Amino acid sequence: MYFTRFLRTHKSLAHIVDHYAKYAPTGLTMKRIVEFAREGDAKQSFLFLRNELPVRLASMMKEMAHLPPRLLQMPSFKTVNGWYGASLTELHSFKGLQPTDDTVKKFTEVLQNIRRRHTTVVETLSQGYMEFSDFGHVQEYEESQIQYFLNRFYLSRISIRLLIYQHTMCFGEEVPIHPSHLGFVDPTCYVEEVINNAFENAQFLCDSYYLKSPTLDLRSINAINPDEPIAIPYVSSHLYHVMFELFKNSMRATVEYIESKKTDSTLPAIKVDIVKAKEDLTIRISDRGGGIPRSKADTIFRYMYSTAPRPVSLNDAQHSGPIPLAGFGYGLPISRLYARYFNGDMEIHSIDGYGTDAYVYLQAVEDQASEWLPICNRASHEYYNSRRLQPDWTKKK
(Lines give C-alpha, C1' and ligand atoms only; values in the text may rest on other atoms or scores of the structure.)
Protein backbone atom coordinates (compact mmCIF):
# COMPACT_ATOMS: atom_id res chain seq x y z
CA MET A 1 0.00 0.00 0.00
CA TYR A 2 2.76 2.46 0.96
CA PHE A 3 4.79 1.57 -2.15
CA THR A 4 1.74 2.14 -4.38
CA ARG A 5 1.16 5.55 -2.79
CA PHE A 6 4.88 6.36 -3.23
CA LEU A 7 4.79 5.54 -6.96
CA ARG A 8 1.56 7.50 -7.46
CA THR A 9 3.05 10.58 -5.77
CA HIS A 10 6.23 10.48 -7.83
CA LYS A 11 4.34 9.94 -11.10
CA SER A 12 2.16 12.93 -10.25
CA LEU A 13 5.20 15.11 -9.51
CA ALA A 14 6.88 14.01 -12.75
CA HIS A 15 3.75 15.05 -14.65
CA ILE A 16 3.78 18.48 -12.95
CA VAL A 17 7.48 18.95 -13.76
CA ASP A 18 6.91 18.03 -17.41
CA HIS A 19 3.98 20.44 -17.65
CA TYR A 20 5.78 23.54 -16.38
CA ALA A 21 9.20 22.75 -17.88
CA LYS A 22 7.67 23.13 -21.36
CA TYR A 23 7.48 26.90 -20.84
CA ALA A 24 10.29 29.45 -20.92
CA PRO A 25 10.62 31.83 -17.95
CA THR A 26 9.34 35.38 -18.38
CA GLY A 27 12.31 37.69 -17.81
CA LEU A 28 11.67 41.03 -16.12
CA THR A 29 13.53 44.32 -16.31
CA MET A 30 14.51 46.38 -13.30
CA LYS A 31 12.23 49.12 -14.59
CA ARG A 32 9.25 46.73 -14.67
CA ILE A 33 10.00 45.42 -11.18
CA VAL A 34 10.21 48.94 -9.72
CA GLU A 35 7.03 50.07 -11.50
CA PHE A 36 5.07 47.04 -10.31
CA ALA A 37 6.27 47.54 -6.73
CA ARG A 38 4.82 51.06 -6.91
CA GLU A 39 1.62 50.45 -8.86
CA GLY A 40 0.83 46.70 -8.73
CA ASP A 41 -1.26 44.82 -6.22
CA ALA A 42 -1.12 41.46 -4.44
CA LYS A 43 -3.68 39.78 -6.70
CA GLN A 44 -1.78 40.68 -9.87
CA SER A 45 1.40 39.40 -8.27
CA PHE A 46 -0.34 36.15 -7.29
CA LEU A 47 -1.60 35.55 -10.84
CA PHE A 48 1.90 36.03 -12.26
CA LEU A 49 3.90 34.12 -9.65
CA ARG A 50 1.64 31.06 -9.41
CA ASN A 51 2.72 30.23 -12.98
CA GLU A 52 6.16 31.83 -13.18
CA LEU A 53 7.68 30.29 -10.06
CA PRO A 54 6.67 26.72 -11.00
CA VAL A 55 8.22 27.24 -14.45
CA ARG A 56 11.55 28.23 -12.91
CA LEU A 57 11.48 25.43 -10.33
CA ALA A 58 10.44 22.75 -12.83
CA SER A 59 13.12 23.77 -15.33
CA MET A 60 15.85 23.17 -12.77
CA MET A 61 14.34 19.87 -11.63
CA LYS A 62 14.27 18.76 -15.26
CA GLU A 63 17.92 19.70 -15.69
CA MET A 64 18.95 18.07 -12.43
CA ALA A 65 17.65 14.76 -13.76
CA HIS A 66 20.32 14.90 -16.51
CA LEU A 67 23.23 15.00 -14.05
CA PRO A 68 25.50 11.96 -13.59
CA PRO A 69 23.40 9.22 -11.90
CA ARG A 70 26.04 8.69 -9.22
CA LEU A 71 25.80 12.36 -8.23
CA LEU A 72 22.01 12.17 -7.95
CA GLN A 73 22.40 9.36 -5.42
CA MET A 74 24.35 11.60 -3.04
CA PRO A 75 22.25 12.38 0.08
CA SER A 76 22.61 16.15 -0.25
CA PHE A 77 21.46 16.20 -3.88
CA LYS A 78 18.47 14.05 -2.95
CA THR A 79 17.64 16.56 -0.22
CA VAL A 80 17.68 19.53 -2.59
CA ASN A 81 15.65 17.66 -5.20
CA GLY A 82 13.11 16.87 -2.49
CA TRP A 83 12.89 20.53 -1.47
CA TYR A 84 12.23 21.58 -5.06
CA GLY A 85 9.61 18.88 -5.51
CA ALA A 86 7.77 19.90 -2.34
CA SER A 87 7.82 23.59 -3.30
CA LEU A 88 6.62 22.89 -6.84
CA THR A 89 3.76 20.74 -5.55
CA GLU A 90 2.67 23.46 -3.11
CA LEU A 91 2.65 26.13 -5.81
CA HIS A 92 0.82 23.88 -8.25
CA SER A 93 -2.03 23.55 -5.72
CA PHE A 94 -2.95 27.20 -6.49
CA LYS A 95 -3.45 26.53 -10.21
CA GLY A 96 -6.90 27.68 -11.32
CA LEU A 97 -7.88 29.29 -8.01
CA GLN A 98 -9.48 32.70 -7.99
CA PRO A 99 -7.34 35.48 -6.45
CA THR A 100 -9.47 36.06 -3.37
CA ASP A 101 -7.98 37.78 -0.33
CA ASP A 102 -7.84 34.47 1.54
CA THR A 103 -6.15 32.65 -1.37
CA VAL A 104 -3.56 35.38 -1.80
CA LYS A 105 -2.84 35.36 1.93
CA LYS A 106 -2.28 31.60 1.91
CA PHE A 107 -0.12 31.92 -1.20
CA THR A 108 2.05 34.54 0.52
CA GLU A 109 2.50 32.23 3.52
CA VAL A 110 3.52 29.39 1.19
CA LEU A 111 6.13 31.62 -0.45
CA GLN A 112 7.60 32.44 2.97
CA ASN A 113 7.78 28.73 3.81
CA ILE A 114 9.42 27.96 0.45
CA ARG A 115 12.07 30.58 1.02
CA ARG A 116 12.83 29.22 4.47
CA ARG A 117 12.95 25.66 3.11
CA HIS A 118 15.50 26.68 0.47
CA THR A 119 17.70 28.77 2.77
CA THR A 120 20.66 26.35 2.79
CA VAL A 121 20.46 25.15 -0.82
CA VAL A 122 23.91 26.50 -1.73
CA GLU A 123 25.61 24.89 1.27
CA THR A 124 23.73 21.62 0.77
CA LEU A 125 24.69 21.31 -2.89
CA SER A 126 28.27 22.18 -1.95
CA GLN A 127 28.15 19.28 0.49
CA GLY A 128 26.74 17.05 -2.23
CA TYR A 129 29.57 17.98 -4.58
CA MET A 130 32.09 17.04 -1.90
CA GLU A 131 30.28 13.74 -1.28
CA PHE A 132 30.43 13.00 -5.00
CA SER A 133 34.13 13.87 -5.42
CA ASP A 134 35.05 11.86 -2.30
CA PHE A 135 33.11 8.86 -3.55
CA GLY A 136 35.30 8.22 -6.60
CA HIS A 137 37.05 9.64 -9.64
CA VAL A 138 35.12 12.39 -11.49
CA GLN A 139 35.30 12.15 -15.29
CA GLU A 140 36.04 15.31 -17.28
CA TYR A 141 32.65 15.29 -19.01
CA GLU A 142 30.95 14.82 -15.62
CA GLU A 143 32.81 17.83 -14.22
CA SER A 144 31.79 19.88 -17.26
CA GLN A 145 28.14 18.92 -16.85
CA ILE A 146 28.17 19.74 -13.14
CA GLN A 147 29.74 23.17 -13.66
CA TYR A 148 27.20 23.90 -16.42
CA PHE A 149 24.31 22.84 -14.19
CA LEU A 150 25.44 24.74 -11.10
CA ASN A 151 25.75 28.02 -13.01
CA ARG A 152 22.24 27.64 -14.37
CA PHE A 153 20.79 26.34 -11.10
CA TYR A 154 22.21 29.13 -8.94
CA LEU A 155 21.24 31.82 -11.44
CA SER A 156 17.69 30.47 -11.40
CA ARG A 157 17.77 30.38 -7.59
CA ILE A 158 18.77 34.06 -7.45
CA SER A 159 15.79 34.93 -9.63
CA ILE A 160 13.35 32.81 -7.62
CA ARG A 161 14.43 34.39 -4.33
CA LEU A 162 14.03 37.89 -5.79
CA LEU A 163 10.49 37.18 -7.01
CA ILE A 164 9.51 35.69 -3.65
CA TYR A 165 11.00 38.58 -1.68
CA GLN A 166 9.31 41.14 -3.93
CA HIS A 167 5.91 39.60 -3.25
CA THR A 168 6.29 39.00 0.49
CA MET A 169 7.81 42.44 1.15
CA CYS A 170 5.50 44.44 -1.11
CA PHE A 171 2.25 42.60 -0.38
CA GLY A 172 2.90 40.54 2.76
CA GLU A 173 3.75 41.38 6.31
CA GLU A 174 7.53 41.27 5.84
CA VAL A 175 9.21 44.64 6.18
CA PRO A 176 11.77 45.76 3.57
CA ILE A 177 15.37 46.04 4.73
CA HIS A 178 15.20 49.84 4.46
CA PRO A 179 12.14 52.15 4.48
CA SER A 180 13.09 53.57 1.07
CA HIS A 181 13.24 50.14 -0.59
CA LEU A 182 10.48 48.91 -2.86
CA GLY A 183 10.29 45.35 -1.62
CA PHE A 184 13.72 43.80 -2.08
CA VAL A 185 14.84 46.47 -4.57
CA ASP A 186 16.46 49.79 -3.74
CA PRO A 187 15.19 52.35 -6.30
CA THR A 188 18.12 54.60 -5.37
CA CYS A 189 21.02 52.33 -4.53
CA TYR A 190 23.98 54.51 -3.51
CA VAL A 191 26.84 52.42 -4.78
CA GLU A 192 29.62 53.99 -2.71
CA GLU A 193 27.68 53.41 0.50
CA VAL A 194 27.20 49.69 -0.29
CA ILE A 195 30.88 49.32 -1.20
CA ASN A 196 32.05 50.97 2.02
CA ASN A 197 29.79 48.70 4.05
CA ALA A 198 31.08 45.58 2.28
CA PHE A 199 34.69 46.66 2.78
CA GLU A 200 34.25 47.36 6.48
CA ASN A 201 32.71 43.94 7.10
CA ALA A 202 35.36 42.14 5.05
CA GLN A 203 38.04 44.13 6.90
CA PHE A 204 36.59 43.06 10.25
CA LEU A 205 36.78 39.42 9.14
CA CYS A 206 40.33 39.90 7.88
CA ASP A 207 41.43 41.54 11.13
CA SER A 208 39.88 38.68 13.11
CA TYR A 209 41.72 36.03 11.11
CA TYR A 210 45.06 37.67 10.26
CA LEU A 211 45.20 40.42 12.93
CA LYS A 212 45.81 42.93 10.14
CA SER A 213 44.06 44.20 7.01
CA PRO A 214 44.58 46.57 4.05
CA THR A 215 42.92 49.97 3.90
CA LEU A 216 40.56 51.26 1.20
CA ASP A 217 41.40 53.90 -1.42
CA LEU A 218 38.11 54.77 -3.12
CA ARG A 219 37.34 57.17 -5.97
CA SER A 220 33.94 57.91 -7.56
CA ILE A 221 33.43 59.49 -10.98
CA ASN A 222 29.91 60.37 -12.15
CA ALA A 223 30.43 61.08 -15.87
CA ILE A 224 26.76 62.05 -16.33
CA ASN A 225 26.13 64.31 -13.31
CA PRO A 226 29.53 65.07 -11.73
CA ASP A 227 28.03 66.78 -8.68
CA GLU A 228 25.69 63.92 -7.75
CA PRO A 229 26.52 60.71 -5.87
CA ILE A 230 26.40 57.55 -8.00
CA ALA A 231 23.08 55.73 -7.63
CA ILE A 232 21.02 53.28 -9.71
CA PRO A 233 17.91 51.16 -9.11
CA TYR A 234 19.37 47.84 -7.98
CA VAL A 235 19.21 45.04 -5.44
CA SER A 236 21.66 46.41 -2.89
CA SER A 237 22.12 43.02 -1.21
CA HIS A 238 23.30 41.56 -4.54
CA LEU A 239 25.88 44.30 -4.98
CA TYR A 240 26.98 43.85 -1.37
CA HIS A 241 27.45 40.10 -1.92
CA VAL A 242 29.66 40.71 -4.99
CA MET A 243 31.80 43.37 -3.33
CA PHE A 244 32.16 41.51 -0.03
CA GLU A 245 33.44 38.42 -1.86
CA LEU A 246 35.90 40.40 -3.97
CA PHE A 247 37.18 42.29 -0.94
CA LYS A 248 37.67 39.05 1.01
CA ASN A 249 39.73 37.62 -1.85
CA SER A 250 41.79 40.79 -2.26
CA MET A 251 42.47 41.09 1.45
CA ARG A 252 43.51 37.47 1.85
CA ALA A 253 45.78 37.67 -1.20
CA THR A 254 47.33 40.94 -0.05
CA VAL A 255 48.05 39.82 3.51
CA GLU A 256 49.42 36.41 2.52
CA TYR A 257 51.53 37.79 -0.34
CA ILE A 258 53.15 40.46 1.83
CA GLU A 259 53.74 37.94 4.63
CA SER A 260 55.39 35.57 2.15
CA LYS A 261 57.98 38.27 1.46
CA LYS A 262 59.03 38.04 5.13
CA THR A 263 59.37 41.80 5.42
CA ASP A 264 57.73 44.41 7.61
CA SER A 265 56.23 46.14 4.57
CA THR A 266 53.03 48.09 5.04
CA LEU A 267 50.04 46.41 3.47
CA PRO A 268 49.21 48.18 0.18
CA ALA A 269 45.71 49.64 0.04
CA ILE A 270 42.96 48.11 -2.05
CA LYS A 271 41.96 50.66 -4.67
CA VAL A 272 38.39 50.98 -5.91
CA ASP A 273 37.18 53.14 -8.80
CA ILE A 274 33.44 53.66 -9.41
CA VAL A 275 32.49 55.18 -12.74
CA LYS A 276 28.95 55.83 -13.94
CA ALA A 277 28.57 56.56 -17.65
CA LYS A 278 25.58 56.77 -19.97
CA GLU A 279 25.14 52.99 -20.29
CA ASP A 280 27.42 51.28 -17.77
CA LEU A 281 28.28 51.56 -14.14
CA THR A 282 31.77 50.09 -13.73
CA ILE A 283 33.53 49.19 -10.50
CA ARG A 284 37.23 48.28 -10.53
CA ILE A 285 38.88 46.68 -7.50
CA SER A 286 42.68 46.66 -7.64
CA ASP A 287 44.97 44.87 -5.20
CA ARG A 288 48.68 44.16 -4.83
CA GLY A 289 48.19 40.57 -3.70
CA GLY A 290 50.62 38.85 -6.04
CA GLY A 291 48.20 38.10 -8.84
CA ILE A 292 47.06 34.81 -10.37
CA PRO A 293 49.15 32.72 -12.80
CA ARG A 294 47.65 32.35 -16.28
CA SER A 295 47.63 28.58 -15.76
CA LYS A 296 44.94 29.07 -13.09
CA ALA A 297 42.99 31.88 -14.78
CA ASP A 298 40.36 29.53 -16.25
CA THR A 299 39.73 27.78 -12.93
CA ILE A 300 38.85 30.71 -10.66
CA PHE A 301 35.19 30.63 -11.71
CA ARG A 302 34.86 26.88 -11.23
CA TYR A 303 32.82 25.65 -8.28
CA MET A 304 34.86 23.96 -5.58
CA TYR A 305 38.07 25.55 -6.87
CA SER A 306 39.89 27.60 -4.25
CA THR A 307 43.48 28.49 -3.49
CA ALA A 308 42.60 28.38 0.20
CA PRO A 309 42.60 25.13 2.20
CA ARG A 310 39.42 23.11 1.84
CA PRO A 311 37.11 23.76 4.82
CA VAL A 312 35.72 21.09 7.09
CA SER A 313 32.48 19.36 6.21
CA LEU A 314 29.27 21.18 7.00
CA ASN A 315 28.47 18.28 9.30
CA ASP A 316 31.72 18.50 11.26
CA ALA A 317 30.77 19.69 14.73
CA GLN A 318 34.41 19.63 15.84
CA HIS A 319 35.34 22.76 13.91
CA SER A 320 36.12 25.80 16.01
CA GLY A 321 38.18 28.96 15.78
CA PRO A 322 38.10 31.94 13.39
CA ILE A 323 36.06 31.57 10.22
CA PRO A 324 38.40 31.40 7.19
CA LEU A 325 38.08 34.01 4.44
CA ALA A 326 37.85 31.38 1.70
CA GLY A 327 37.78 27.67 0.97
CA PHE A 328 34.49 26.38 -0.43
CA GLY A 329 35.18 27.76 -3.92
CA TYR A 330 31.66 29.08 -4.45
CA GLY A 331 32.31 32.77 -3.81
CA LEU A 332 33.55 33.98 -7.18
CA PRO A 333 31.30 31.93 -9.48
CA ILE A 334 28.15 32.86 -7.57
CA SER A 335 29.25 36.50 -7.31
CA ARG A 336 29.63 36.59 -11.08
CA LEU A 337 26.07 35.26 -11.40
CA TYR A 338 24.81 38.06 -9.15
CA ALA A 339 26.59 40.58 -11.38
CA ARG A 340 25.22 38.98 -14.56
CA TYR A 341 21.68 38.49 -13.31
CA PHE A 342 20.54 41.94 -14.44
CA ASN A 343 22.62 41.93 -17.62
CA GLY A 344 25.87 43.00 -15.97
CA ASP A 345 29.13 41.08 -15.77
CA MET A 346 32.30 40.41 -13.80
CA GLU A 347 35.81 39.97 -15.16
CA ILE A 348 39.12 39.22 -13.45
CA HIS A 349 42.42 40.42 -14.93
CA SER A 350 45.65 39.59 -13.18
CA ILE A 351 49.40 40.16 -13.36
CA ASP A 352 51.26 37.20 -11.89
CA GLY A 353 53.69 38.42 -9.25
CA TYR A 354 52.00 41.79 -8.82
CA GLY A 355 48.24 41.96 -8.31
CA THR A 356 44.70 41.58 -9.61
CA ASP A 357 42.04 43.86 -11.05
CA ALA A 358 38.40 42.79 -10.77
CA TYR A 359 35.82 44.59 -12.91
CA VAL A 360 32.13 44.61 -12.05
CA TYR A 361 29.81 45.94 -14.76
CA LEU A 362 26.22 46.93 -13.99
CA GLN A 363 23.53 48.40 -16.23
CA ALA A 364 23.11 52.11 -15.53
CA VAL A 365 19.77 52.25 -17.42
CA GLU A 366 16.94 50.45 -15.62
CA ASP A 367 15.06 49.29 -18.73
CA GLN A 368 18.29 47.69 -20.01
CA ALA A 369 18.81 45.82 -16.73
CA SER A 370 16.90 42.68 -17.69
CA GLU A 371 16.95 39.27 -16.01
CA TRP A 372 19.44 36.85 -17.59
CA LEU A 373 17.82 33.44 -17.12
CA PRO A 374 18.62 29.85 -18.12
CA ILE A 375 16.11 28.23 -20.46
CA CYS A 376 15.49 24.49 -20.31
CA ASN A 377 15.34 23.41 -23.98
CA ARG A 378 16.78 20.95 -26.49
CA ALA A 379 20.18 22.70 -26.46
CA SER A 380 20.55 22.31 -22.70
CA HIS A 381 19.49 18.65 -22.88
CA GLU A 382 22.06 17.99 -25.61
CA TYR A 383 24.75 19.50 -23.40
CA TYR A 384 24.04 17.02 -20.62
CA ASN A 385 23.81 14.07 -23.01
CA SER A 386 27.20 14.79 -24.60
CA ARG A 387 30.36 13.25 -23.18
CA ARG A 388 32.54 15.81 -24.94
CA LEU A 389 33.76 19.00 -23.29
CA GLN A 390 31.47 21.86 -24.28
CA PRO A 391 31.94 25.63 -24.45
CA ASP A 392 31.32 27.42 -21.16
CA TRP A 393 27.65 28.54 -21.06
CA THR A 394 28.61 31.36 -18.66
CA LYS A 395 30.83 33.15 -21.19
CA LYS A 396 28.74 36.00 -22.49
CA LYS A 397 28.89 36.80 -26.19
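Counting from 1, residues in each chain are numbered in the order their sequence is written. Reporting in this predicted model follows two pLDDT cut-offs: at least 70 for local features of residues, and 80 or more for side-chain atom pairs to be given and counted; totals over whole chains, interfaces and linings ignore these cut-offs and use all residues. As a rule here, side-chain values come from all non-hydrogen atoms in the structure, and water together with hydrogens is ignored.

- The name an unreviewed UniProt entry gives the chain is Protein-serine/threonine kinase, with Adineta steineri as the organism.
- Regarding the chain, the UniProt comment filed under Catalytic activity (unreviewed entry) reads as follows: "L-seryl-[pyruvate dehydrogenase E1 alpha subunit] + ATP = O-phospho-L-seryl-[pyruvate dehydrogenase E1 alpha subunit] + ADP + H(+)".
- UniProt positions are given in the numbering used here, feature names are shortened, and annotations may be inferred rather than shown by experiment. Taken directly from UniProt, the Subcellular location (unreviewed entry) text for the chain runs: "Mitochondrion matrix".

Things to note about the pattern of salt bridges
Next up, step 1: Salt bridge, as used here, is a side-chain nitrogen of Lys or Arg placed within 4 Å of a carboxyl oxygen of Asp or Glu. Counted according to the given criterion, the structure contains 16 salt bridges.
Next up, step 2: When salt bridges with common partners are traced through the structure, they connect E52, R56 and E371 into a single cluster.

Observations concerning the sheet that holds strand β2 (residues 216-222)
Next up, step 1: Note on pairing: DSSP must find at least two bridges between two strands before they are called paired. The helix and strand labels rest on DSSP assignments: H or I over at least four residues marks a helix, E over at least two residues marks a strand, and numbering proceeds from the N terminus. Taken together, five strands build an open sheet; the order of strands is β2-β4-β5-β7-β6 and the sheet is mixed. Where the open sheet ends on each side, the last strands, each with one partner, are β2 and β6 (345-351). Taking the axes of each pair of neighbouring strands and ignoring which way they run, one obtains an average angle of 15 degrees across the sheet.
Next up, step 2: The sheet contact formed by strand β4 (residues 270-276) and strand β5 (residues 280-287) spans six bridges and is antiparallel. Bridge pairing links D273 to R284 in β5.
Next up, step 3: Strands β2, β4 and β5 of the sheet are contacted by helix α9 (residues 191-210), whose axis makes an angle of about 170 degrees with β2.
Next up, step 4: Contacts were defined at the residue level, with two residues in contact if any of their heavy atoms lie within 4.5 Å. Axis definition: a line fitted to C-alpha atoms, limited for helices to the stretch in contact. Angles are taken between N-to-C directions and run from 0 to 180 degrees. Sitting on the sheet, helix α10 (residues 236-260) touches β2, β4, β5, β6 and β7 (355-363), and the angle it makes with β5 is about 20 degrees.

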